[in-house]
Amino acid sequence: MLLIDCPYCGKRPEVEFHCGGEAHIARPETPAEIADADWGSFLYYRTNPKGVHAERWLHGHGCGRWFNALRDTVSDAFVATYEMGAPRPDVAPENAKA
Amino acid sequence: MSQPFRLPSGGRIDRKRPLSVSFNGKRLEGFAGDTVASMLLASGQHLAGRSFKYHRPRGILSHGSDEPSALLSVDWRADRGPGYRDPNNRASVVEARDSLVVKTQNHWPSLETDIGAVNDLLSPVFVAGFYYKTFMWPRTFWDKVYEPVIRRAAGLGEAPEVKDADRYSNRHAHCDVLVVGAGPAGLAAALAASADGEKRVILADEGLEPGGALLNDVTSKIDGKPAMDWVAESVSTLDARENVVILPRTTAFGYYNHNHVCMVEKVSDHRADAPEGLARERLWQVRAGEVVLATGSHERPLVFENNDRPGIMLAESVRAFVNRWAVLPGNEIVVATSSASAYQTALDAKNAGARVSIVDIRLEADCGPELQTAKDAGITVRSGHTVIRALGKKRVSGLVVAPIDPDGAIGEKQTLACDCVAMSGGWTPSVHLFSQSRGKLRFDVELDAFVPGTSAQAERSAGACRGIYDLAAVIADGLAAGRSATGATDTAAGSTPQATASFTGFQPVRVLPTDADASKVKAFVDFQNDVTAKDIRLAVREGFESIEHVKRYTTTGMATDQGKTSNMNALGLVAGILDRPLPAVGTTTFRPPYTPVSFGALIGPARDELFDPVRKTPIDGWAEKNGAVFEPVALWRRAKYFPQAGEDMHGAVARETKAVRNAVGIFDASTLGKIEVVGPDAAEFMNRIYTNAWLKLKVGGCRYGLMLREDGFVYDDGVVARLAEDRFHVTTTTGGAPRVLRHMEDYLQTEWPDLDVFLTSITEQWAVIALQGPKARKVLEPFVSGIDLSEEAFPHMTVQSGFVCGVPCRLFRVSFTGELGFEVNVPADYGEAVWKALYEEGGKHGITAYGTEAMHVLRAEVGYVVVGQETDGTVTPDDLGLSGLVSKVKADFVGKRSLARPDMVAEGRRQLVGLLTKNPDEVIDEGAQVVDDPHRPIPMRMIGHVTSSYASSNCGRSIAMALIEGGRGRIGETVHVTTPGGFTEAVISKAAFYEVKGETADA
């Protein structure tokens, strides 16, 4: 079971959380002006990296807050967690060990 | 049974505490400290079960958790009644105590005489892949003949027939360092890791006492003292440290992400005096900062003909029985080995009084100091010999051996009479937990073994589980691992104890050389699944080259022992046949659990009503008293209907639905999801989340809100009331409440953090009582204070706050039936009292309690949709005919842009319509498919499906709703609906079937 470092509560077990998919995909300000293909990409297209991936997580059975996390999809190590709205941290890959 | 093979002295047993166990109805005697295996051997009983496939007689192979053969059914508390028996317990790890009742398995009529043993004679039939090859044809035989026969033959023990009567507990723990295994490496690691008195250390070991292999060792010295003295001193040092927890009888069975290690502790199985109610086992979920794996190694059996005969055991196990349990497994012991370690067995057994000789596959030149030591002790050593076969059936009676000439030819055979064989093919590090942690294994040619390579988590291995076998080196390695786990960089610091040099080294052998016809010989590789070398050869010949394929085809290594004793022999055999280096064949994946774990331990207290707690409404008690039939809806239990004497569901629902249309019905709607949306930006937030316009909704007004996902499909719906400028009372579907709140929070927190809004779930705070029907107002009137119920003062789709029965109330004038209706929201604690008052008053007006089934029929009669029934995540508002609820004015809301995508506005989408069967009494199946011509060839194009279907007493016929391609343009057309027997005809209508009379909801 993953151990996830909620930026508000600290380390808690995975069962308290819910993963909300890829992070840093902002909803367009004026959707009406977006072309069909671009809107389709916004809705459905996600990256699937082998390595560090930015994800949204919800501490649903805890503080109820959403936050972002960098998780290594190979090792499942959490490289960083950070508050929603903060920029993606620049993390060196050697920190990626669990 | 007496104990003729018990040695007069020695052993780690308490001779002052005799005990007895019932074995197949006979009395088996022993002492505290015994296992059932050591008691059986003390009594001279080697035969301990019948094998899985061939029903061959099997004995005790091992002394530990890797035992594949001696599997027993154990009734742990026969004196307490049923529910305490479980099958497939390894005799070698069942601690003996009074009142245990154990039985052997997999035989009929008895262990001694087993009809199933005929399989052994039929073995040419039961080749590898037998199931795949045999049960192919004829197809019709599968259900009636093959499957029942296979099911009866499958498995080893008998599953318990009643539910487990024991209790199980579970516990979470955190530590800085978890040490798995309390042998010399683990003890050393725990000593080093806890030395600072600060680091919290947990030391867990599957055995009943610490020591590991040293428990079997009476000759090694550490710092000049017997090895077990060092163990005792180490344990007492650790015990004295407050930062150390020692857990005996605790098996670490699973190594998961982020150093989450699951262990199961035997709490009471070994205690004759266990008080009733004490948990049987405890699941430990440990989150460790660092892990030290000191899990030891497994001895490899030798593979030769009839190597499974009772009396043939692993060499280290023979040593363990002699030294630890003071039992001589035989009087005439042949040690057959390719490993130096087995010489110690020979020496110890000889010291204990057995006649011993050694057959070594290795040449003299390849042996170490062990050879001379054995010779000096007067033991005959036959070096460069192979074992051709074992003699005897229910007990080994001899071993046929022969020298191997330098050219590889088999020399002159010789039969060595014996009643016990101690065999060793070398050692396999136990890398199970390391591999489970997703560490990468590395093949070490020198060691002929996979050892831990690259770690994936914060762990390190120490001692035999990484191929270090010499005692002094093992202790030094454990100390270094313990220090490194504390973060020390100088891991070599401190003094290392001196220890007697161990006999180490072995020559890998896969299958012993023989001149017998290899295609006829039964030489077992996997004892538990009855897989022979010949089966593996056949699999390779048939083209299975990957070990993962060979494993599945032959089932080698797939038994409950996870191939602890068999994996390396199987791998080596396959590599040898294919003439590839062993790592090229690969190794199989190790998965939890390391040893079998009871379901009880895994679920702990989460069983029965605690497994899936039932959510009940405040009115549930009344419903139960009034004969409701319940159904689960999401996590809730809801009253489905209230049958009167002699009524079935159909009759009850017909009566309930008629009562609502003709008088008044009362319905418990408390499960409706309720969310309060509060804050200066509440209306703006509602505007963005729902398709409707909210800014202009007056305080006191209600609106039916429709919510989409960003992809434009209907997500949820419900009535929303504006209680104040900055306060909305939102209702959701019963099942949708949690996800709707999450959906709202998601947008609020991640997309619009600028909005000043708070969301609060109030589902459980309010009980909701729906009064529906022409007389609803009359029932309610006497109880209301502070609210004018008249049509003018309180029109449809409005809300007022006041009092009902003197209880604060949010009163909604809403309807989910088309009739005049009110929903009375009162604080949950008052729900039942208000319900009772209304119900009693309603008696004057013909009030009828109705359940969810009638609710569904009533809403369908007037064409209201249920999200999740009419919708399936691919339905747009327009598909439902609800485009009127979608604001054309708002620039944006969640899902708006998607509604303009080409596929969302394409012609021919499935639209919600009604379906009227030609036969008005026929109720079609929900989910049935709709086609326009049933005579088309299969696969037939389907043009829609039925979403709801009921018998409606108010309409006097069946009604149904369906999503049909271009449906709204096809009203009046006949379509064909699938039925269990074929098709039936129905006519498309609009999706509303009943015209409300009198004062309607929409008046």
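Rules of the game
- Residues numbered from 1 in each chain as written.
- Chains lettered and ligands numbered in written order.
- Predicted model: local features only at pLDDT ≥ 70, side-chain atom pairs only at ≥ 80, totals over all residues.
- Heavy atoms only, no water.
- Helix = DSSP H or I, 4+ residues; strand = E, 2+ residues; numbered from the N terminus.
- Buried < 20%, exposed > 50% of the residue type's maximum accessible area, 1.4 Å probe, protein only.
- Contact = heavy atoms within 4.5 Å.
- Lys, Arg positive; Asp, Glu negative; His and termini not counted.
- Charge placed at Lys NZ, Arg CZ, Asp CG, Glu CD.
- Phe/Tyr/Trp six-rings, centres within 6.5 Å; stacked < 30°, edge-to-face > 60°.
- Lys NZ or Arg CZ within 6 Å of the ring centre and 35° of its normal.
- Patch = residues over 30% accessible without salt bridge, like charges linked within 9 Å, V, L, I, M, F, W, Y side chains within 5 Å.
- Areas by Shrake-Rupley, 256 points an atom, 1.4 Å probe, with all protein chains shown as cover.
- Salt bridge = Lys/Arg side-chain N within 4 Å of Asp/Glu carboxyl O.
- Domains from an automatic or database assignment.
- Buried area = accessible area lost by both parts, 1.4 Å probe.
- Core = buried A, V, L, I, M, F, W, Y, C linked by side-chain atoms within 4.5 Å.
- Expected span 1.5 Å × (residues − 1).
- Polar contact = N/O pair within 3.5 Å; in protein donor to acceptor, adjacent residues only side chain to side chain.
- Nonpolar A, V, L, I, M, F, W, Y, C, P; charged D, E, K, R; others polar.
- UniProt positions renumbered as here; feature names shortened; annotations may be inferred.

## Considering the overall build of chain A
Reasoning step 1: Per the secondary structure count, chain A includes one helix and six strands.
Reasoning step 2: Going from N to C terminus, chain A has its helices and strands arranged as β-β-β-α-β-β-β.
Reasoning step 3: Dimensions of chain A along its principal axes, counting C-alpha atoms only, are 40 × 30 × 20 Å.
Reasoning step 4: In chain A, which comprises 98 residues, the proportion classed as buried is 37%.
Reasoning step 5: Put simply, of all contacts in chain A between residues at least 6 apart along the chain, 44% involve residues at least 24 apart.
Reasoning step 6: Side-chain charges of chain A comprise 10 positive and 14 negative groups, with the mean position of each set lying 6 Å from the other.

## So, the packing of aromatic side chains
Given two aromatic rings, their pairing is described by the distance between the two centres and the angle made by the two planes.
Reasoning step 1: Using the criterion set out here, one finds 18 aromatic pairs over all chains in the structure.
Reasoning step 2: Ring geometry for Phe544 of chain B and Tyr553 of chain B: centres 4.0 Å apart, planes at 20 degrees, overall stacked.
Reasoning step 3: Note on Phe544 of chain B: relative accessible area 24%, which makes it partly exposed.
Reasoning step 4: A relative accessible area of 11% places Tyr553 of chain B in the buried class.
Reasoning step 5: Linked through ring pairs, Phe17, Trp57, Phe67 and Phe78 of chain A together constitute an aromatic cluster.
Reasoning step 6: Positioned above the aromatic ring of Trp66 of chain A, the side-chain terminus of Arg56 of chain A is 4.3 Å from the ring centre.

## Notes on a nonpolar patch on the surface
Reasoning step 1: On the surface, a nonpolar cluster with roughly 370 Å² of combined accessible area is contributed by Val118, Leu121, Leu122 and Val125 of chain B.
Reasoning step 2: Position of Val118 of chain B relative to the elements: it lies in helix α2 (residues 118-121).

## Let's talk about the domain arrangement of chain B
Bring the parts together and some accessible area is lost; that lost area is often taken as the interface size.
Residues and elements named next belong to chain B.
Reasoning step 1: Partitioning chain B into structural domains gives domain 1 (14-123), domain 2 (170-297 + 429-485), domain 3 (517-593) and domain 4 (907-989).
Reasoning step 2: Between domain 2 and domain 3, the residue contacts involve 12 residues of the former and 12 residues of the latter.
Reasoning step 3: Together, the buried faces of domain 2 and domain 3 total about 930 Å²; carbon and sulfur atoms form 81% of this surface.
Reasoning step 4: On the surface where domain 2 and domain 3 come into contact, there are zero salt bridges.

## Digging into the nonpolar core
Residue and element names in this part refer to chain B.
Reasoning step 1: Ile60 and Ile333 are the most contacted members of the largest nonpolar core, which has 56 residues in total.
Reasoning step 2: When residues no more than four places from it in sequence are discounted, the contact partners of Ile333 are Val318, Ala349, Ala354, Arg355, Val356, Ser357, Cys420 and Ala422.
Reasoning step 3: By size, the runner-up hydrophobic cluster in this structure holds 34 residues, among which are Leu706, Phe893, Tyr950 and Ala991.

## Brief notes about helix α20 (residues 737-751) of chain B
Reasoning step 1: Counted at 1.5 Å a residue, the expected span for α20 of chain B with its 15 residues is 21 Å, and the 21 Å between its end C-alpha atoms agrees.
Reasoning step 2: For α20 of chain B, the complete set of buried residues consists of Ala737, Val740, His743, Met744, Glu745, Asp746, Tyr747, Leu748, Gln749 and Thr750 of chain B.

## Looking at the interface of chain A and chain B
Reasoning step 1: Facing the 32 residues of chain A at the interface are 31 residues of chain B.
Reasoning step 2: For the chain A and chain B pair, buried surface summed over both sides reaches about 2400 Å², with 48% attributable to carbon and sulfur atoms.
Reasoning step 3: Inspection of the region where chain A meets chain B yields five salt bridges.
Reasoning step 4: When the shortest N-O distance is used, the salt bridge between Arg56 of chain A and Asp746 of chain B registers 2.7 Å.
Reasoning step 5: Taken together, chain A and chain B are joined by 20 residue pairs in polar contact (both at pLDDT 80 or more).
Reasoning step 6: For the side of chain A that touches chain B, the class distribution of residues is 21 nonpolar, four polar and seven charged.

## Topic: the UniProt feature "domain: SoxA A3" (unreviewed entry) in chain B
Reasoning step 1: If you check UniProt for "domain: SoxA A3" (unreviewed entry), the listed places come out as residues 522-602 of chain B in our numbering.
Reasoning step 2: Secondary structure content for residues 522-602 of chain B is 46% helix and 6% strand, and the end C-alpha separation is 38 Å.

## A word on the pattern of salt bridges
Residues and elements named next belong to chain B.
Reasoning step 1: Counted according to the given criterion, the structure contains 67 salt bridges over all chains.
Reasoning step 2: Between Arg709 and Asp711 there is a salt bridge, and its shortest N-O distance comes to 2.7 Å.
Reasoning step 3: With relative accessibility at 28%, the residue Arg709 sits in the partly exposed group.
Reasoning step 4: Classification of Asp711 as buried rests on a relative accessible area of 13%.
Reasoning step 5: Here the salt bridges do not stand alone but share partners, grouping Arg56, Arg58, Asp120, Asp308, Lys522 and Asp530 into one network.

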